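Listed here are the chains, written in short residue letters.
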Amino acid sequence: MNSYPSRVLTGMFVFLLALGVLVAALAPRLADIFMANPFFNGIILTVLLAGVAVNLRQVLVLAADTRWIASFRRSNPDAPPPGRPHLLAPMARLLAGRERGRSALSAPSMRTILDSVQIRLEESRDLSRYLIGLAIFLGLLGTFWGLLVTIRSVSEIIGALGIGSDAAAMFGALKEQLKEPLAGMSTSFSTSLFGLASSLAIGFLDLQAGHAQNRFYNELEEWLSGMTRLSSGSALEGDASVPAYVQALLEQTADGLERMQRAIVENERERRGTNEQLAELGAQLARLNETLGRDARERQAAVAAQDELKVVLRHLAQQSGAGAGLSDDLRSELRLLSRTVAAAVSGRSSRDGADPESRP
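Residues numbered from 1 in each chain as written. Predicted model: local features only at pLDDT ≥ 70, side-chain atom pairs only at ≥ 80, totals over all residues. Heavy atoms only, no water.

As annotated in an unreviewed UniProt entry, the protein carries the name MotA protein and is attributed to Dokdonella koreensis DS-123.

What follows is the structure, encoded as structure tokens:
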């Protein structure tokens, strides 16, 4: 959005540069034409410079406002609106009293802002249009002034002619008297030339400024349309007899309902997240319970095996007198088997949180 006024400014500067090159190329002849009547032509050139300045200022104001819109859309919603625009001053004051992140305009508010901006744009072009007409008027004024001088001089020349005078003297006097009518004609044509050329230049610049303003207005309308909330009570909004405080109350109620809806949606999202976390926790607890049950069964089996081994060893010990032939190798194997079973039981206990080195 903010690039279009810059392109218009570039086009205007290119036009002014081309106009300056043309004037420089025709400078000697234009200087002679200008000196035909410096007073009128100087006023016309002053009007031309004023028209150029006014049209450039219009586009520069648009560029400043478009930069404000861009910075407003990119800035932090919690901070106040940056800067102070010129054409969008009513909208800036309206948005300054609202929450930036939740700004919403009603249809009447949007139409009021657009009407205000359109009126300001039209008022800014009034001076440029007046300067176009003023340049043409000054050119025509100089034209009629020169024609009046010419007609008066011609009438004086005709009145001063004598029939019986010397032809050579009469021709010399006529030649001398024709300088004033010719000066009047020079005034007429020079002011017409400068007036029409100035109106043409100012008109082109005004046309470019008008294009920039129309583009700015259209894009502003599109942006505000995205911020506009259409109320279900459109009949009330279209009725001009509705009091202002009722409309403000309706807007506040709509804003409250919208905030409540956002809160409900957020709570529902948090509830779903909590349910998912609880389900995951239940699944992990079920896996942990299954693991603990399997470990308990394995420990019970190991304890049962150890008890059976102790019974066997006790039985063997009781029969040691009768079984004197039992070799020392068999006793060593039994002791090794007993220590292996004890180590397996101790290792299972350590996985459940007990340290096997701390046990007696």
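J.: For this particular structure, what's the right way to read the pattern of salt bridges?
T.: Once their charged atoms are close, side chains differing in charge can pair, the charge on each being opposite to the other. A complete count under the given rule lists 6 salt bridges for this structure. Between Arg-125 and Asp-206 there is a salt bridge, with the nearest N and O atoms lying 2.9 Å from each other. Taken as a pair, Arg-125 in helix H5 (residues 107-160) and Asp-206 in helix H7 (residues 179-227) lie far apart in primary sequence, 81 residues in all. Given the relative accessible area of 7%, Asp-206 is considered buried. Between Glu-268 and Arg-272 there is a salt bridge, with its nearest N and O atoms 3.4 Å apart. Note that Glu-268 and Arg-272 are positioned in helix H9 (residues 244-318) at a spacing of 4 residues, about one turn of the helix. (Salt bridge = Lys/Arg side-chain N within 4 Å of Asp/Glu carboxyl O. Helix = DSSP H or I, 4+ residues; strand = E, 2+ residues; numbered from the N terminus. Buried < 20%, exposed > 50% of the residue type's maximum accessible area, 1.4 Å probe, protein only.)

J.: Help me out: how do you make sense of the UniProt feature "transmembrane region" (unreviewed entry) in the protein in this one?
T.: Under the UniProt annotation, the feature "transmembrane region" (unreviewed entry) is placed at residues 40-64 and 130-151. The annotated region residues 130-151 carries 100% helix and 0% strand content, and the separation between its end C-alpha atoms amounts to 31 Å. (UniProt positions renumbered as here; feature names shortened; annotations may be inferred.)

J.: Would you mind going over the nonpolar core with me for this structure?
T.: One broad rule of soluble globular proteins: the nonpolar side chains tend to lie buried together. One finds Leu-88, Met-91, Val-117, Phe-216, Leu-220 and Leu-224 to be the most contacted residues of the largest nonpolar core, which totals 39 residues. Secondary-structure elements contributing two or more residues to this core are helix H1 (3-25), helix H3 (38-74), helix H4 (89-96), H5 and H7. With 12 residues, H3 is the single largest residue contributor to this core. (Core = buried A, V, L, I, M, F, W, Y, C linked by side-chain atoms within 4.5 Å.)

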